[in-house]
Structure formats: C-alpha cells, structure tokens
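Survey of secondary and tertiary structure
Given next are the chains, with one letter for each unit.
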Amino acid sequence: MTMAATSHDKPVETAAPSTPRQPNRTALLLAPGVLWMLLFLVAPILMMVYVSFWTQTTFKIEPTLTLSSWITFFSSDTYLGALWTTIRIWLIVLVSTLLVGYPAALFVGLFVKNKTLSTALLVLCVIPFWTSFLIRVLAWRPMLGKEGAINMILMKIGLITQPIEVLLFSELSVIIGMTQIYCVFMVGPIAFMLGRIDGSVIEAAQDLGAGFWRIFRTIILPLSMPGVVVGAIFVSVMALGEFATSAALSGRKLNLPGNILVTPGRSPRWAFAAVAGVVLTILMGAVVAAMLRVVDLRKEL
Amino acid sequence: MNASGIKLGLGFYTALFIVFLYGPLVVLAILSFQTGPEGGPQFPIIEWSTYWYKHLFGLTPPSRIAPLPIEQALVRSLALAVMTMIVSTVLGVTAAQAFRRKFRGSGVVFYLIVLGMMVPGVLVGLGMALVANTLGIDRHWWGTAFVLHVVYTFPFAFLVMLAIFNRFDPSVEEAAWSLGVTPARTFRKITFPLIFPGVLSAMLFAFTLSYDEFSRTLFASGRDLTLPLAIYGTFSVEVHPNVFAFGVLTTLFSFALLGTYAVLMGLSVRRAKRVAIQEEA
C-alpha cells in the first residue's frame, strides 16, 4: 500500500502528524448531515405539533393557540374510526407478513446450504422493488377484480360458480396488497439472522435427540427474533403511514388517518390534518420504541 | 428423516411465495398487450397488440383516453433522483466517516439520522407543507420535495457506509498519515477507492428510493407532477392498460439501471483485486 503514498511528485513533509485533530474534524463531518436533519426533519415535525394547536375556521387557519382541533378529533366518530381502522389493519398486516414471510425466510436462511442459491432467492424476492410501488399496488386490480385472474381460475377449476366480489375494493384487498408489498421486509432481516445461526448448534441438538419443533422453538425462533423485530419495525412504519394502497384497492371505502391527511385535497384543513399527523407520530414512536427495547439496532449492523 | 420432509415442504412453500410476489406483475404484463382502445384492463385478452405501448408515446390516433402525462414527469423524477442521490451519498459518507471515532452524543446523532427513514412520508410531507405555508415559500419538486427526499435516503446511505466502515482496515490510512499525507488526500487516494463499492450501493439505494418516492412528494412538490404522482393521478379515474404498459417499461428501465450497477460493481471489484495482486508481487 505504500505505493499509493510514495508515488506522488511532492516530497513528503518531515513532520508526521499522527491522526488529525479529532473533535473538530468529527464536528465538521457531522455538521451538514445533522443540520439537514434538524432543518428538514425535526423542524417540520415540530411545526406539525405547533399547527395542531392553531385555530381552524372553515376557510382559514390562525396562529391562536387552542385545543379545539384536538377535541374535535377525539369526539368525531369519523376520525376515531379511521384511527381504529389503521390500528386494526396495521396489526393484521404485521401478523400476516410475519406468517407469510417466516417460512420463506426459514427456507432461504437455514435450509438452503448453497450460498449462491440463497442469494439468488433473496435477489428474486427483491427484484419486484424495482417496479414502482404504485404500479405494484395497481397490479392487484386485474388479479382480484370480479373478472380478475383469481376469480377466473377458481371458476375454471370449478371451485366456485359465481365470482367472489369481496376480493376487490374491500378491506381484504387492502390487506392482501399490503401483505404482498411489505412481506419482503420481513423475509430479508429474518433470513439474514437465520443465516448467522451456527449449524453446529442445531446439529448438537439433533444429536441429543431433539425433534424439529423442539429445535425450532428453543433455538431457531429465539435467535431469529432480532430479524423479526427489525422486520416488524419496517412493516409497522410503512403500514401506519400508508394511504396509497387503500386509495388503489379499497375503492375509497376505507378511512385511514393517512387518508384524512390526503383527502381534503387542494386546501386541506391543516389543523385537523396536523392533529391526525401528531397522533400517528405518537403511535409510531411508541411502537418503534417498544420494539427497540427488544433489539438494539446499532449492534445488529 | 423428519427434516428432509420439512425442507421439501418449505421449498414448495417458498415457490408459492415467489408466485405470490410475481403473480400480479405477470398478470399486469400480460394485460398490457390488450388490444386498444376498446380493450379494458381485464381478462380475457380480446386480441394481442402493442396498442397501449404506442399510446404511451402518442403514436396512436387520438381517442377518448387521454395519454398519460409522463413525459415531463419522467424528466423531473430522473433529475430529482440524481440530485437526491448525489447529496445523500455525500452526506452519508461524511457522517459515517465521523462515526468511525467514538464521540459524545453519538447515540443521539445516530437516532436523529435513522429517524429520517423511520418517520412516514405523509408526516414529514405534511410538516414540510405547513412550514412552507407559514413561511410563505412556494412548494416545488426541486425545493421542498428534494430536501425531504434527502431526509429519507440519507439514512440509507449512512447505514450502508457505516456497515462498510465497520469492515474497513484503518491501518492503511494510518500508514498514509504517518507518511505525512494530508487527510483530504488520504481520503481521495486511499479511503475512497476502498469504499467505492459501498458508495455505489448507497447511490443505488438513494436513486431508486427517490425515483419511487411518493408520499413525501405528494405534499411537498406543489403543482408540477413527478412520475409517482402522475401514476397516482390515474388511481382515481378509470384505469386503462396504458398504465400497465408503462409499468412494464419502468420495470425494464429499472433492470437496465440494476445492470449498470452490476457492471460498475464488477469492474470496481476486479480493479481492487488487481491492486491487491500488485501489492503482493
């Protein structure tokens, strides 16, 4: 490696400074990133909290502090219903991505011994991400619709005689769509954690006569927990802030806080939107904090 | 043994899982070849044709179906993705470089940065719209939306670089410093070539995330549409197979991008190997 240093034209100065001065340099390197985050991430969120206390009249909003938007939000069935729907869908999606994703991760991470094959399988899972998220959501319409692919296939093989109509433009279609889009975020981290399990531990358990379920319960599942938590954080954050999937697949029947933020359209009623935003932020913060108590994200890198 | 049965079962399940992931995309691709303009976005295929692809490029006679407003949107999205990619990669590399030393408050800074990818787009988008409203700033894709894109992609670049630096041998740099090479030059000549594969990955992440970013843009971009916003606009009206054709084309474009990345990555790995061989000689 000396090559790179000595081949320069300039003679090397005699005084060899050890490492450069540290505190200054660290601060200098961090400043742009930290400043960017404070200005464009922390400030907007604080602004949202602040605006949620402003006075909203029908057409305009004034910076007079009041609790009325909060009271309206929590005494309105529409808003509370939307909040409840969000929590319900989030929990269902969380469970379904885990159930759908875990077996696949188990296969890729633990049972495929060939490194190339397991990488290829993971890449196969990730490839759809290079198609726009919105188009992937939209792709469920011709799948689930009344004249969609699933109904057609089921009718062909004679399982049903009438097309199933609840498949599209219902809560079910939103859940199916979100599960498909987000389950990869479960598979990735879990497969990664499973791949790190020392095979000899499992062999030892086998030699001692443990059956598969016992090994799964006492070794595989606990060791994969960090992956589950990281996956759950990803899925939670995305599912809680979601509104596009429901816009595409629920036929606007489903009301999520995300939709409350969006639907007012051109001139939203900012104060209500801000309240919904703050509520969502608190919910999300609580969920992520609870999950981070289980796993230290920094150690898993 | 029991395990081989389980392995077979799980293998079969994984195959089904992949069908689940790809099924809708395959159906979408098939339906994009529906005949037009009377063919709808559903089965059966009345007649195979490339009508909707021509429709995208305005090569068909005008019909009641308006062409997608993608031309300008595509240019904007690409420009935005490139800007975001450059800024967030630079920020990511510098911040990760700082994290190679222990410093007080590193935990706070770490979570401040990671927060950017944790907070849902709707929330920062809304917050930014409120800030812009209050300060009387106009919202534009190259302004308010751009800074939010960086807020989102910078943490990814940062985490990628952090992982790269964790596996980085600092003795090479120390050797350069002890020979009196300035830190800036050491970074340019030694550190950067060694971390280049990581930088490429960070750039790829930032580009694709920004290119596809929707919820942040929705609130913060003002009047001019980016590509995801143009697609979102079609949700509320009747969907025609031209959106599907467009989906196929964007997927192909992404593969081209991925291919470029793979080639660049291969080249840089090969170069690193060559240097290593020269050193040993």
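Counting restarts for each chain, with residues numbered from 1 along the sequence as it is written. Labels follow written order: the first chain is A, the first ligand is 1, and so on. Reporting of local features is limited, given that this is a predicted model, to residues whose pLDDT is at least 70; pairs of side-chain atoms are given and counted only at 80 or more, and all residues count toward the totals for whole chains, interfaces and linings.

**So, the overall build of chain B**
Strands are runs of DSSP state E lasting at least two residues, helices are runs of H or I lasting at least four, and both sets are numbered from the N terminus onward. A tally of regular secondary structure across chain B gives 11 helices and zero strands. Along chain B, helices and strands appear, N-terminal first, in the series α-α-α-α-α-α-α-α-α-α-α. For chain B, the C-alpha radius of gyration of 24 Å lies well beyond 19 Å, the compact-globule estimate for 281 residues. Once the C-alpha set of chain B is aligned to its principal axes, its extents read approximately 75 × 70 × 40 Å. Exposure in this text rests on C-beta crowding, where 20 or more other C-beta atoms within 10 Å of a residue's own make it buried, 12 or fewer make it exposed, and counts in between make it partly exposed. The C-beta atoms are placed from the backbone. A total of 281 residues make up chain B; the buried ones form 43% of that total. Placing C-beta atoms from the backbone, we regard two residues as in contact once those atoms come within 7 Å. Contacts spanning at least 24 positions in sequence make up 78% of the contacts within chain B whose residues lie at least 6 apart. Two things to know: the radius of gyration comes from C-alpha atoms, and the globule rule equals 2.2 Å times the number of residues to the power 0.38.

**Let's talk about the overall build of chain A**
In terms of regular secondary structure, chain A is built from 14 helices and two strands. When burial is assessed residue by residue, chain A has 44% of its 301 residues classed as buried.

**Overview of the interface of chain B and chain A**
At the interface, 86 residues of chain B touch 80 residues of chain A. In terms of residue count, the dominant contributor to the side of chain B that touches chain A is helix H1 (residues 2-31) of chain B (19 residues). Looking at the side of chain B that touches chain A residue by residue, the class counts come to 61 nonpolar, 20 polar and five charged. Gly is put with the polar residues, along with every residue not named as nonpolar or charged; the nonpolar set is Ala, Val, Leu, Ile, Met, Phe, Trp, Tyr, Cys and Pro, and the charged set is Asp, Glu, Lys and Arg.

**Brief notes about the environment of B:Arg139**
All names here are of chain B. Structurally, arginine 139 can be placed in the loop between helix H5 (121-135) and helix H6 (141-166). For arginine 139, a count of 18 C-beta atoms within 10 Å translates into the label partly exposed. Sequence spacing of arginine 139 and glycine 9 is 130 residues, and the spatial spacing of their C-alpha atoms is 53 Å. Leave out the neighbours within four places in its chain, and arginine 139 touches Ala129, Ala132, Thr144, Ala220, Ser221 and Gly222.

**Digging into the confidence of the model for chain B**
Each residue carries a pLDDT value, the predictor's own confidence for that position, ranging from 0 to 100. Chain-level statistics for chain B give a pLDDT mean of 84 and a share of 97% at 70 or above. For this predicted complex, the interface score ipTM comes out at 0.82, alongside a pTM of 0.81.

**A closer look at the packing of H6(B) against helix H8 (residues 183-212) of chain B**
Residue and element names in this part refer to chain B. Their axes nearest at 9 Å, the elements H6 and H8 cross at an angle of 155 degrees. Accordingly, the angle class assigned to the pair H6 and H8 is roughly antiparallel. In this structure, the crossing between H6 and H8 has a hand that is right-handed. Where H6 abuts H8, its residues His149, Tyr152, Thr153, Phe156, Ala157, Val160, Met161 and Ile164 lie against Ile195, Gly198, Ser201, Ala202, Phe205, Ala206, Leu209 and Ser210. Of the residues assigned to the contact of H6 with H8, the class counts are 11 nonpolar, five polar and no charged. Fitting a line to C-alpha atoms yields each axis, with helices limited to the stretch in contact; the angle taken between N-to-C directions then spans 0 to 180 degrees. Here roughly perpendicular refers to angles of 65 to 115 degrees, roughly parallel to angles under 35, roughly antiparallel to angles over 145, and oblique to all remaining angles. Here a crossing is called left-handed whenever its near helix is offset anticlockwise from the far helix by less than a right angle, and right-handed whenever the offset is clockwise.

**Topic: the nonpolar core**
Counting residues in each nonpolar core, the largest one holds 160 residues, and the members touching the most others are A:Ala105, A:Ala239, A:Ala274, B:Val151 and B:Ala157. Element by element, the count of residues in this core is highest for H6(B), at 16 residues. Counting only domains with at least three residues in this core, you end up with domain 1 (2-56) and domain 2 (70-239) of chain B. In these notes, a nonpolar core means any group of buried Ala, Val, Leu, Ile, Met, Phe, Trp, Tyr and Cys residues linked to one another through C-beta atoms within 7 Å. Bear in mind that the domain bounds are from an automatic or database domain assignment.

**Let's talk about H5(B)**
Residues and elements named next belong to chain B. With 15 residues, H5 should reach 21 Å at 1.5 Å per residue; the first-to-last C-alpha distance of 21 Å fits that figure. Within H5, 12 of the 15 residues are buried, which leaves it mostly tucked inside the rest of the structure. A positive phi of about 75 degrees marks glycine 136, the residue just after H5. Here, expected helix span is obtained from the residue count minus one, scaled by 1.5 Å.

**Details of the domain arrangement of chain B**
For chain B, the assigned domains read domain 1 (2-56) and domain 2 (70-239). Centre-to-centre, using C-alpha coordinates, domain 1 of chain B lies 33 Å away from domain 2 of chain B.

**Things to note about the confidence of the model for chain A**
Predicted coordinates in areas of low pLDDT are best not read in detail. Across chain A, pLDDT averages 80, with 84% of residues at or above 70. Low pLDDT, under 50, characterises residues 1-18 of chain A; the predicted model gives this stretch 18 contacts beyond four residues in sequence or across chains.

**Considering the environment of A:Ile233**
Residue and element names in this part refer to chain A. In this structure, isoleucine 233 sits in helix H11 (residues 212-240). The exposure class of isoleucine 233 is buried, given the 22 C-beta atoms found within 10 Å. Not counting chain neighbours up to four residues away, the residues in contact with isoleucine 233 comprise Val288 and Met291.

**Focus: the environment of B:Pro241**
Residue and element names in this part refer to chain B. Mapped onto the fold, proline 241 is located in helix H11 (residues 241-280). Overall, proline 241 belongs to the buried group, with 28 C-beta atoms counted inside 10 Å. For the pair formed by proline 241 and glycine 180, sequence separation is 61 residues and the distance between their alpha carbons is 64 Å. The residues touching proline 241, leaving out its near neighbours within four places in the chain, are Leu31, Ser32, Gln34, Gly36, Gly39, Pro41 and Trp52.

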